[in-house]
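Close look at the chain arrangement
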Amino acid sequence: MNNNRIVNVLLIIIMILVVIACIIGYMYFTQEKVEIDNTEAIFTLENYPRIDGSTATLPLAEAFKADFTGTNLEEVEVNHSKTHNAYVNLINGDTDLILVTYPSEDEQKLAKESGVELEIVPIVKEAFVFLVNKDNPVEDLTLEQIQEIYTGEIKNWKEVGGENSKILAYQRPENSGSQSGMLSLVMQGKEMMEPITENVISGMTEIIDVISDYDNSKEAIGYSYYYYATTMYTSDTIKLLGVNGVKPTYDNIKNGLYNIQTAYYAVIRKDEPQDSDVRKLVNAMISERGQNVAKEAGYVQND
Amino acid sequence: MFKTTKAKIIFVIIFSILCIIITTLCIIYKNIEIEEENVIEENVENLIKEENIKGIDLTGKYNQNDIFIEEKKATKEKVEVSYCQISGLKNKTIENKINREIEQFALNCYKDQIKDLNNVVNVSVNLENTANFENTLSFSVSYFAKVNDNSDDVYQNVFGLNYDLTTGEKITLENMFTPNAPIENILRSSAYYGILANKAELTLAGDLVVEDYSDIEEEVAEFIYLYKMGELTEFYYNPASITIRYDMNKIIEIKMVDYPDYIAIYNRYVADVDLYEEDSVGLKNLYTLTTKNVDYATYYNYQNEKNYYIEINIVNESKNSYAETLINQKIKDIEAEIEKVKKLAKENENTFYILNYYTYVSSTQNKETNENLICFLEKGNSYEMTVHDFEVSIEPVILEYNRSFEMMDILDYVYDFENLLKIAPQETYEYYHPETGEKIVI
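None of the values given here were measured: they were computed from a predicted structure.

Here's the deal with the overall build of chain B
A count of helical and extended segments in chain B gives 7 helices and 18 strands. Here the C-alpha radius of gyration of chain B, 31 Å, is well above what a compact globule of 442 residues would show, namely 22 Å. Burial status across chain B gives 31% buried among its 442 residues. Of the contacts made within chain B by residues no fewer than 6 positions apart, 63% connect residues no fewer than 24 positions apart.

And the structure:
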């Protein structure tokens, strides 16, 4: 009898616990999730290294500085002088660390001539993407089709499964980051056709001929880096094309399935002491905490 | 109820499984409900906005508002300020608020860079009205200060002040666009072409080219980044373009004609009640996306109605005082002619009348006698046609001509319909003695 009573009590306790667990579970899964940042600052604003870089990495640099110094993002001040100037500043010793794309031949040459050895550490992944109007029925192209569109061999969307309309293949200005990426990552030695150009009024009356900007018309195709494409275009007006059957999504870029890739790098001088704040900052950037900060700021984490 | 322990345990297990299933279903239902509520609220809000606010009708017309804009000048220490004050609003609270803000801004805008006037030679501030139409006002404000007489170093900056006259509140950059406008795309494209145009340089061969494109994407990205951070706040507009200041003194212009479906400034600030004390101050029935640069005109008359179009302007470049007497006489003649045309138009509703003249008054010299003269150059004509012909053939010519120039151009607003009507604008010269007003035949 006693045993029976104990079993009854135990079973009632179990039932009560199940009900309580269900209530807690319900409350947890239906409430708004509030993230609590309980990470500690690893720098002060005073000892945080001098940072420079490209415009594309400005939000990343701000996010890192805010997180690593425990400062509100709105209060953080970071100035980036654009890629080439950032390299010049690093080589001249006017900054400690730069967040940039891989150095061009000119920048490598400049470093060599100045006797500065550069240490280049990938921080976040970046992909090269192709964009079309969201109403374009084409979802995916092969790398070969893209090359043939830009050499001028494929001229109509119906040749790649789209509507019967001329392809307006927009290019980027010579020497710009996207054009360099297009030549090295996509065209791989194949010669691009003449770009579409446009007359623009400079000053009051003078007219100049410039490379046309991607206009997002239904016949248009353009290219850019993932960061630019997802931040500089009104998101519900464009569509990023898959390449060889893989869409350039965050996950596909992160796990390497979408393989037209490059990166944004932290570049420092190689003679930077091992125990310096600069190296400490690089390590923080590639740490799990740093990578989470990068993801929060809209960049693709490194593996 | 349960006789055996086994039955009790089975009951508790079934009870627990049921609890978990019910909880899971509740969680799924609740989350879907929350999402749906958010989506519905967002959609309803957007639909209401989109229904109300349309883009620009390219064949439409607009009215300037009935606000008087008076130019004022103020000098304090080394600061010379040229600014405006408005009057003519029924609501004096709004009028006073706007005037107070304009004045304070004009008097203090240079302080963003110049903390101590001892560091500059002088400061010149210029506040100009760039738009007054459809219950809105826009002003550009700029200042310029030389650091010292021996240096080219200057402080300068540009700002914008934009008002909704129905509330007296400032207009934001987003308010310029319809709710469905792809603002980033518009800004990006305008910035791209604007920055390239600014980068163009003359080569030794005399060609204007852009030599260095390398930074263009980063500069455009910087512009968009500033927008996303809410830092593109300085802008002003006219009926054809929006000018945005970024990065201290750099400007980008958005040409409204490139994005008519997405520009809301013509349609957003409508009011159910008449806001103005008078209804005859501003120009009426102007074509959308056209500006009228009539500040330089001594006399300007524009009337665009159902079956007549009148546009007459007089520019007086002569310093001679007698010229004014002659111009006043001229204006009387013009106004008599206008009344005649309006009477004809009323009597003949199927006929369209155009009266279009430009008179340029200047001082000149008789080459033979070296005698000083006042010269009246008159160019223009009057035309008659059917209302249908005007709408189909002539109106597009006027529209295109008005849209094809920049704000700064000084125009005579004389239209050439010779190709269509085989009648060219007539050009006549008249000379007058500068002291007696006697007509001189040369």
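Having seen the structure, we can now continue with the description.
With respect to the sheet that holds strand β2 (residues 68-76) of chain B
The strands making up a sheet associate through hydrogen bonds between their backbones, and the pairing can be parallel or antiparallel. Residues and elements named next belong to chain B. Read from one edge of the open sheet, 5 strands run β2-β3-β4-β5-β6, paired in mixed fashion. Strand pairing shows two members of the sheet lacking a second neighbour, β2 and β6 (154-164), which therefore form its edges. Recorded for the sheet is a direction-independent mean angle of 20° between the axes of neighbouring strands. When strand β4 (residues 123-133) meets strand β5 (residues 136-146), the two strands line up antiparallel, connected through 10 bridges. Bridge pairing in β5 places V125 opposite Y143. Seen against the sheet, helix α2 (residues 92-108) touches β2, β3 (79-87), β4, β5 and β6 and runs at an angle of roughly 170° to β3.

Structural notes on the pairing of strand β13 (residues 299-305) of chain B
Residues and elements named next belong to chain B. As paired elements, β13 and strand β14 (residues 308-316) share 7 bridges and run antiparallel to each other. Of the residues in β14, the one forming a bridge with Q303 is I310. In textbook terms, the turn of a hairpin is the stretch between consecutive antiparallel strands, and for β13 and β14 this stretch comprises 2 residues.

Some points on the packing of helix α2 (residues 58-69) of chain A against helix α10 (residues 288-296) of chain A
The angle between the axes and the distance between the axes are what describe a pair of packed helices. Residue and element names in this part refer to chain A. The interhelical angle for the contact between α2 and α10, taken along N-to-C directions, is 130°, at an axis separation of 9 Å. The pairing of α2 with α10 is recorded here as oblique in orientation. Pair α2 / α10 crosses with right-handed handedness. Here L60, A63, F64 and D67 of α2 lie close against α10, whose contacting residues are G290, V293, A294 and E296. Across the contact of α2 with α10, the residue classes break down as 5 nonpolar, 1 polar and 2 charged.

Looking at the interface of chain A and chain B
Where interface size is given, it is often the accessible area lost as the parts come together that is meant. Every contact between the two is made by 39 residues of chain A and, on the other side, 40 residues of chain B. Among the elements of the structure, α1 (2-30), α3 (83-91), α6 (177-187), β6 (197-202), β7 (206-211) and α7 (226-231) of chain A are those that each provide at least two residues to the side of chain A that touches chain B. If you tally residues by element for the side of chain A that touches chain B, the top one is α1(A), at 11 residues. Residues belonging to the side of chain A that touches chain B are distributed by class as follows: 20 nonpolar, 15 polar and 4 charged.

A look at the sheet that holds strand β10 (residues 241-246) of chain B
All names here are of chain B. A sheet is described by the order of its strands in space; here 3 strands give the open sequence β9-β10-β11, paired in antiparallel fashion. Both outer strands of the open sheet, β9 (235-237) and β11 (250-255), are each paired with one neighbouring strand and no more. Put simply, the sheet's adjacent strands are angled 20° from each other on average, direction ignored.

Concerning α3(A)
Residues and elements named next belong to chain A. By the burial criterion, the buried members of α3 are T83, A86, Y87, L90 and I91. Along the long axis of α3, the arc covered by the buried residues comes to 130°, so they all point the same way. Just past α3, the residue G93 takes up positive phi, approximately 80°.

Comments concerning the nonpolar core
F130(A) and I263(B) are the most contacted members of the largest nonpolar core, which totals 134 residues. Once residues within four sequence positions are removed from consideration, F130(A) is found in contact with L141(A), I146(A), I221(A), Y223(A), L240(A), L241(A) and V243(A). Membership of the second largest hydrophobic core comes to 12 residues, among which are I310(B), F352(B), Y358(B) and F390(B).

Details of unusual backbone geometry
The general pattern is negative phi for most residues beyond glycine and trans for most peptide bonds. Residue and element names in this part refer to chain B. Here E77, not a glycine, exhibits a phi torsion of approximately 50°, which is positive. Take E77: it is sitting in the loop between β2 and β3. On the basis of neighbour counts, which here come to 9 C-beta atoms within 10 Å, the residue E77 falls in the exposed class. Even without being a glycine, K422 presents a positive backbone phi close to 60°. With respect to the element layout, K422 can be found in the loop between α7 (418-421) and β17 (426-432). We classify K422 as exposed; it has 7 C-beta atoms within 10 Å.

Description of the confidence of the model for chain B
Averaged over all residues, the pLDDT of chain B is 89; the fraction at 70 or higher stands at 94%. Across the interfaces of the predicted complex, the ipTM metric reaches 0.76, alongside a pTM of 0.80.

Some thoughts on the domain arrangement of chain A
Residue and element names in this part refer to chain A. Domain boundaries assigned for chain A yield domain 1 (51-125 + 262-301) and domain 2 (127-261). For domain 1 and domain 2, the distance between their C-alpha centroids amounts to 28 Å. Taken together, the 7 residues of domain 1 in the interface contact 12 residues of domain 2. Taken together, the residues of the side of domain 1 that touches domain 2 break down into 3 nonpolar, 3 polar and 1 charged.

Examining the environment of A424(B)
Residue and element names in this part refer to chain B. Structurally, A424 can be placed in the loop between α7 and β17. Residue A424 is classed as exposed on the basis of its C-beta count, with 12 C-beta atoms lying within 10 Å. Expressed as a C-alpha distance, the spacing of A424 and K379, which sit 45 residues apart in the sequence, is 9.9 Å. Setting aside residues up to four positions removed in sequence, A424 forms contacts with D416 and E418.

Conventions and cut-offs
- Residues numbered from 1 in each chain as written.
- Chains lettered and ligands numbered in written order.
- Predicted model: local features only at pLDDT ≥ 70, side-chain atom pairs only at ≥ 80, totals over all residues.
- Helix = DSSP H or I, 4+ residues; strand = E, 2+ residues; numbered from the N terminus.
- Rg over C-alpha atoms; globule rule 2.2 N^0.38 Å.
- Buried ≥ 20, exposed ≤ 12 C-beta atoms within 10 Å, placed from the backbone.
- Contact = placed C-beta atoms within 7 Å.
- Pairing = 2+ DSSP bridges.
- Axes fitted to C-alpha atoms, helices over the stretch in contact; angles between N-to-C directions.
- Parallel < 35°, antiparallel > 145°, perpendicular 65-115°, else oblique.
- Left-handed = near helix turned anticlockwise from the far one by under 90°.
- Nonpolar A, V, L, I, M, F, W, Y, C, P; charged D, E, K, R; others polar.
- Arc of directions from axis to C-beta.
- Core = buried A, V, L, I, M, F, W, Y, C linked by C-beta atoms within 7 Å.
- pLDDT = per-residue confidence, 0-100.
- Domains from an automatic or database assignment.

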